[in-house]
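Geometric and topological summary
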Amino acid sequence: MSRQAFDILAPHYDATFTASRTGSYLRQRARNRLYSHLKPGDVVLELGCGSGEDALWLAQHHIRVIATDASVEMLRLTRAKTAHTGLVRVEQLELDNLPARFPPSDADRTPLFDAVLANFGPLNCLNDWRPLADWLATRVRPGGIAAFGIMSRYCLWEIVWHGLHGNIRHAIRRLGGKAQFRVPGDKPNKPMEIHYPTVRRLERDFAPWFRRVGLMPLGLALPPSDVYPVIERRPRLCVRLMALEEWLSSASWLAQLADHYWIEFERIGYGSP
Ligand SMILES: C[S@@+](CC[C@H](N)C(=O)[O-])C[C@H]1O[C@@H](n2cnc3c(N)ncnc32)[C@H](O)[C@@H]1O
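Scope of this entry: the structure provided in the associated data block. (Residues numbered from 1 in each chain as written. Predicted model: local features only at pLDDT ≥ 70, side-chain atom pairs only at ≥ 80, totals over all residues. Heavy atoms only, no water.)

Here's the deal with the pattern of salt bridges
When charged atoms on two side chains of opposite charge get close, those side chains can pair. Throughout the structure, instances matching the rule amount to 17 salt bridges. Measuring nitrogen to oxygen at the nearest pair gives 2.9 Å for the salt bridge that ties Arg27 to Asp54. Placement of the pair is Arg27 in helix H2 (residues 21-35) and Asp54 in helix H3 (residues 53-60), with a sequence separation of 27 residues. Judged by its relative accessible area of 5%, Asp54 is buried. We note a salt bridge from Arg29 to Glu246, for which the minimum N-O separation is 4.0 Å. Of this pair, Arg29 sits in helix H2 while Glu246 sits in helix H10 (residues 235-248); the two residues are 217 residues apart in sequence, bridging distant segments of the chain. What makes Arg29 buried here is its relative accessible area of 15%. Residues participating in the shared-partner salt-bridge network are Glu158, Arg173, Arg174 and Asp259. (Salt bridge = Lys/Arg side-chain N within 4 Å of Asp/Glu carboxyl O. Helix = DSSP H or I, 4+ residues; strand = E, 2+ residues; numbered from the N terminus. Buried < 20%, exposed > 50% of the residue type's maximum accessible area, 1.4 Å probe, protein only.)

And the structure:
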C-alpha cells in the first residue's frame, strides 16, 4: 500500500528530492504556472502534499492551504514545516478512499476552493481518476483550477538512459501504463502500484466538470530523479539542460515525453453543459 511506502520514504524525501538542484528547478516551474492562476487570499486544496514544501511556499505568498496526504510521516513533516504560519491546515486524506464530507470540521459548509494542486505524482497512485474528478467537482469553484504534476507514460530520458545502460526492464517499465515499485526496507508490504495515465485519459475522466486549459512538459530536457546526481556533478551541463527545459516548456505536444507533465483543468461553470 502506498501509504506505508511513503512513510518509509518521508525522512529522506527532502534531502534526496526536494533539496536537489534539479528537483527545486522543476518545482519552481510548476509553481510559476500555478501562481499565474492565483492571488493573495485564495484557498488551495493540496492533494498528496508530501513534506509540505509547496504548502509552505503558497502560505509565504499569502495563499491559504489545506494540505493533505495519506502518509502519516509526510503529514508530520508538513506540520513541522508549516507550524509557524496560520495559513496552512494539515489533514489526512486518502485519494482512493475519499470521504463524503471534507474537511471534517467544516461538515456543514464545504468550502469552495480556488485551486487544487497535486504535484509530482500523487495521482499516479490511482488507477481511475473519475471518482476524484467527481469529488472535486463539488469542491472547486466555477473558474477554479485543478493542476497536477503527473508521471508520464513515455519518459524519453528513462527509455534512452536505461536502454543505453542495458537495463531494458527499467527503460520500458512505464510503457504498459502501470509498474510496480517496492521501497527498499518495505519488505512486508506488497509493492506499490504506479499508474501512468495519458493526457487523453485524464481529460476523459475529468470531463464533463473540468476542461483542460494547460499542458507543459516537466522534466523533458532534465532527467528523472534517479539521474539527478549524474547531471548535478556537471554544473555547466545542468545549466544548459535547464535553459533547454525552459525553451521547451511551451511545447505542450512533447509533454508526454517528459518525466512528468503538468496539466491544468478549469472547473466549468455549474450552469454549463
Ligand atoms: C512523490 S510524492 C509528492 C509529494 C509532493 N506533492 C511534492 O511535490 O513533493 C507523492 C505523495 O503522494 C502521496 N500519496 C500516495 N498515494 C496517495 C493516496 N492514495 N492518497 C493520498 N496521498 C497519496 C504520498 O504519501 C506522497 O506524499
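Thoughts on helix H4 (residues 72-82)
Residues of H4 that are buried include every one of Met74, Leu75, Thr78, Lys81 and Thr82, and no others. Buried residues of H4, seen end-on, are gathered within an arc of 125° and therefore sit on one face of the element. (Arc of directions from axis to C-beta.)

Things to note about the packing of aromatic side chains
The tally for this structure, following the rule as stated, stands at 10 aromatic pairs. Centre to centre, the rings of Phe17 and Phe120 are 5.0 Å apart; their planes meet at 80°, and the pair counts as edge-to-face. Residue Phe17 is found in helix H1 (residues 2-18), and its partner Phe120 is found in the loop between strand E4 (113-118) and helix H5 (130-137); the two are separated by 103 residues along the sequence. Each member of the pair Phe17 and Phe120 is classed as buried. Among the aromatic side chains, those forming a connected cluster through ring pairs are Tyr13, Phe17, Phe120 and Tyr228. (Phe/Tyr/Trp six-rings, centres within 6.5 Å; stacked < 30°, edge-to-face > 60°.)

Overview of empty space enclosed by the protein
Take a probe with the size of a water molecule and roll it over the atoms, and the empty space left behind shows itself. Within this structure, the stated rule accounts for one cavity of 30 Å³ or more. As a volume, the largest cavity reaches approximately 40 Å³. Every residue along the wall of the largest cavity is listed here: Ala30, Arg31, Leu34, Asp54, Trp57, Leu58, Leu117, Asn119 and Trp262. For the lining of the largest cavity, the elements supplying multiple residues, two or more each, are H2 and H3. Looking at side-chain class alone, the lining of the largest cavity contains six nonpolar, one polar and two charged residues. (1 Å grid on protein atoms, 1.4 Å probe; cavity = no way out; pocket = protein on both sides within 12 Å on 5 of 7 lines; lining within 4 Å. Points joined across faces, edges and corners; volume = space filled by probe spheres on them. Nonpolar A, V, L, I, M, F, W, Y, C, P; charged D, E, K, R; others polar.)

Details of the site of the ligand
Surrounding the ligand, one finds 20 residues, the nearest of these being Tyr13, Arg27, Gly48, Asp69 and Asn119. Asn119 places a main-chain nitrogen or oxygen 2.8 Å from a nitrogen atom of the ligand. Within the complex, the protein chains bury 95% of what would otherwise be the 590 Å² of accessible surface of the ligand. By residue number, the principal contributor to the shell around the ligand is H1, which donates three residues. Partitioned by chemical class, the residues of the shell around the ligand number 10 nonpolar, five polar and five charged. (Near = heavy atom within 4 Å. Polar contact = N/O pair within 3.5 Å; in protein donor to acceptor, adjacent residues only side chain to side chain. Areas by Shrake-Rupley, 256 points an atom, 1.4 Å probe, with all protein chains shown as cover.)

Section: H10
Residues spaced three or four apart along an α-helix point in a common direction, a consequence of the helix completing one turn every 3.6 residues. An ideal rise of 1.5 Å per residue puts 20 Å on 14 residues; H10 measures up with 20 Å between its terminal C-alpha atoms. Every buried residue belonging to H10 is among Cys238, Leu241, Met242, Glu245 and Leu248, and all of these are buried. When H10 is viewed along its axis, its buried side chains cluster within an angular range of 130° and face the same direction. When the buried face of H10 is taken as reference, the exposed residues oriented beyond 90 degrees from it are Arg236, Arg240 and Trp247. As for H10, its buried residues are in contact with H2, helix H6 (156-164), strand E8 (210-218) and helix H9 (228-232). (Expected span 1.5 Å × (residues − 1). Contact = heavy atoms within 4.5 Å.)

Quick notes on the environment of Arg174
With respect to the helices, strands and loops of the structure, Arg174 is situated in the loop between helix H7 (168-171) and strand E6 (178-181). Given a relative accessible area of 2%, Arg174 falls into the buried group. Each C-alpha atom of the pair Arg174 and His195 lies 8.1 Å from the other, and the pair is 21 residues apart in sequence. In this structure Arg174 touches Met151, Ser152, Arg153, Cys155, Glu158, Tyr196 and Asp259, once residues within four positions along its chain are discounted. A polar contact is formed between the side chain of Arg174 and the backbone oxygen of Ser152, at a distance of 2.8 Å.

Everything listed here is a matter of geometry and, on its own, says nothing about what the molecule does.
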